[in-house]
Amino acid sequence: MQESVYIIPSIRSFDGGTYTCTAVNAATGLSQSVSHKLTVGGLCVGVIILPPGPLSGAVADKVKFTTTLTPPESPFLSVSWSFKGLNIITSTSTNVTGPGHANRISLDRATGALELRNLVLEDSGEYTVTIIPDGGLQKQGTTILNVYALITGAIIRSPAAVLIEDKSSTNLSCDASGSISTRVWTKDNQPLHPSGRVTFSVDNKTVFLHPVHSSNHGTYQCRVSNPVSTMTVAHELTVNFGPHKISITGPAAAALGQRVTLECTADSVPPANFSWMLNGNDTNVNDSMYIIERLEAENVGNYTCTATNMVTMMENSTVLNLRASCGAPRWSFSLLLISTLILRGLM
């Protein structure tokens, strides 16, 4: 029986795998193969020497890959770092630095830590450190670095248009320069959620309002962020609506001769214009306040306040019935004076 021997002089971690031996008979042309899986022991990997990742870094900044190792009594025989399988630096008795990393790295030979400077987006990926101690087992670990461009120039854009409640639709788009990981929307400092009128684009970049409602009026904020930077921008959205909820504040009854103030209010954007009528007649009062300096009989009746929005071209009215109260009548003093004079004449 013939045999063939394959010898690995100094086994390394990358020697592990499946080996296949094929025997061929040159005379008959027949062949037969057999496979064997080799597992390389004595290798410390993963979180043993590197903290959990990933790491985050900003463009033009620096990042340090630290290890969990303490400096040994005898220096490591070898420390090497690679990026996506390509050598960054291999340090033995001399240092061999890979292309593109000269003047960008610093290696701590005592712990195996690596500092990488002047980061670019292309530095994102998997990094591997392999350390061979003097007389110990080879140690290896991997981690991920994600490099981000800083967020700048955040802005909210919205079409220029006059928005009228229940008649108009619009959208707000949030954009910025840099590596955008997340966009978060708020309105009047409260989280903005989807509803029957509010929807979002898949990437959360755009908010659609269709149609707009008075509740959509207010301040919208978009927070754009990534693990190394964040920026918040605000936008005032004006929705013209109303007048809604019109009401008159004032007494329903007052004594004759008393000063009476009536105030008309309404929810409206822009603010409503007001006009007053008394018993169906125009009063020429065009203010939210209607003041009666001295209540007379002719001032008693139905006060109608009408609020008008000059943008939505809508108006709303409400009525307050003002009546004279059952206090002392204004002629009581005069009657008393006449009675006194009569009595004096009789005396």
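The model shown is predicted, which means the values in this text are computed figures rather than measured ones.

1. Digging into the overall build of the protein chain
So, step 1. On a plain count of helices and strands, the protein chain comes out with 1 helix and 29 strands.
So, step 2. Across the 347 residues of the protein chain, 33% fall into the buried class.
So, step 3. In the protein chain, once contacts between residues fewer than 6 apart in sequence are set aside, the share between residues at least 24 apart is 57%.
So, step 4. Carbon together with sulfur atoms contributes 55% to the accessible area of the protein chain, which is approximately 20800 Å² in total.

2. With respect to the pairing of strand β21 (residues 229-237)
Within a regular strand, the side chains alternate between the two sheet faces.
So, step 1. Here 9 bridges tie strand β20 (residues 218-226) to β21, and the two strands are oriented antiparallel to one another. Across the sheet, Thr219 pairs through a bridge with Glu236, a residue of β21.

3. Some details on the pattern of salt bridges
So, step 1. Per the counting criterion, the structure on display carries 9 salt bridges.
So, step 2. Here Glu115 makes a salt bridge to Lys62, at a shortest N to O gap of 4.0 Å. With a gap of 53 residues between them, Glu115 in strand β10 (residues 114-116) and Lys62 in the loop between β4 (55-58) and β5 (63-65) connect regions that are remote in the sequence.
So, step 3. Between Asp175 and Lys205 there is a salt bridge; the shortest N-O distance is 3.6 Å. With Asp175 in strand β15 (residues 170-177) and Lys205 in the loop between β18 (198-200) and β19 (206-209), this pair connects stretches of sequence that are 30 residues apart.
So, step 4. By sharing partners, the salt bridges in this structure join Lys62, Glu115 and Arg117 into a single network.

4. A closer look at the sheet that holds β20
So, step 1. The strand order across the open sheet built from 4 strands is β17-β16-β20-β21, with neighbouring strands paired in antiparallel fashion. Every interior strand has two partners, whereas the edge strands, β17 (190-191) and β21, have only one.
So, step 2. Both strand β16 (residues 182-187) and β17 contribute to a ladder of 2 bridges, which runs antiparallel. Looking across to β17, one finds that Thr186 is bridged to Pro191.

5. Focus: the nonpolar core
So, step 1. Core analysis: the biggest nonpolar cluster contains 20 residues, and Phe65, Trp81, Ile88, Leu114, Leu116, Tyr127 and Leu145 have the highest contact counts within it.
So, step 2. Ile156, Cys174, Leu237 and Val239 belong to the second-largest nonpolar core, a separate cluster that totals 19 residues.

6. Things to note about the pairing of strand β12 (residues 138-148)
So, step 1. Pairing analysis gives 4 bridges linking β4 to β12, with the strands arranged parallel. Paired with Ser56 across the bridge in β12 is Asn146.
So, step 2. Where strand β11 (residues 125-132) and β12 come together, 7 bridges link them in antiparallel fashion. Opposite Gly125, over in β12, you have Leu145 as the bridge partner.

7. Some points on the packing of aromatic side chains
So, step 1. All chains considered together, the criterion is met by 5 aromatic pairs.
So, step 2. Ring plane angle 35° and centroid distance 4.7 Å describe the contact between Phe65 and Tyr127, whose orientation is recorded as tilted. With a gap of 62 residues between them, Phe65 in strand β5 and Tyr127 in strand β11 connect regions that are remote in the sequence. Across the pair, exposure class does not vary: Phe65 and Tyr127 are buried alike.
So, step 3. Pairing Trp276 with Tyr290 gives two aromatic rings, centres 5.4 Å apart and planes at 55°, and the pair type is tilted.

8. What about the side chain of Ser91?
So, step 1. Its location among the elements puts Ser91 in strand β7 (residues 86-91).
So, step 2. The class for Ser91 is buried, based on a relative accessible area of 2%.
So, step 3. Within polar-contact distance, the side chain of Ser91 engages the side chain of Asn95 at 2.6 Å.
So, step 4. If we ignore the near neighbours within four places in the chain, the residues touching Ser91 are Leu77, Ser78, Val79, Leu107 and Arg109.

9. As for the side chain of Asn216
So, step 1. Among the secondary structure elements, Asn216 is positioned in the loop between β19 and β20.
So, step 2. Among the polar contacts listed, one links the side chain of Asn216 to the backbone nitrogen of His213, at a separation of 2.7 Å.
So, step 3. In this structure Asn216 touches Lys187, Val198, Leu209, Pro211, Leu237 and Val239, once residues within four positions along its chain are discounted.

10. Examining the environment of Asp166
So, step 1. Looking at where Asp166 falls in the secondary structure, it is placed in the loop between β14 (163-164) and β15.
So, step 2. For the pair Asp166 and Val239, spaced 73 residues apart in the sequence, the C-alpha separation amounts to 9.8 Å.
So, step 3. Ignoring anything within four residues of it in the chain, the contact list for Asp166 reads Arg197, Pro211, Val212 and His213.
So, step 4. Polar contacts involving the side chain of Asp166 include one to the side chain of Arg197, which spans 3.1 Å.

Cut-offs used in this document
Residues numbered from 1 in each chain as written. Predicted model: local features only at pLDDT ≥ 70, side-chain atom pairs only at ≥ 80, totals over all residues. Heavy atoms only, no water. Helix = DSSP H or I, 4+ residues; strand = E, 2+ residues; numbered from the N terminus. Buried < 20%, exposed > 50% of the residue type's maximum accessible area, 1.4 Å probe, protein only. Contact = heavy atoms within 4.5 Å. Areas by Shrake-Rupley, 256 points an atom, 1.4 Å probe, with all protein chains shown as cover. Pairing = 2+ DSSP bridges. Salt bridge = Lys/Arg side-chain N within 4 Å of Asp/Glu carboxyl O. Core = buried A, V, L, I, M, F, W, Y, C linked by side-chain atoms within 4.5 Å. Phe/Tyr/Trp six-rings, centres within 6.5 Å; stacked < 30°, edge-to-face > 60°. Polar contact = N/O pair within 3.5 Å; in protein donor to acceptor, adjacent residues only side chain to side chain.

Functional significance is not addressed by these values, which are geometric in nature.
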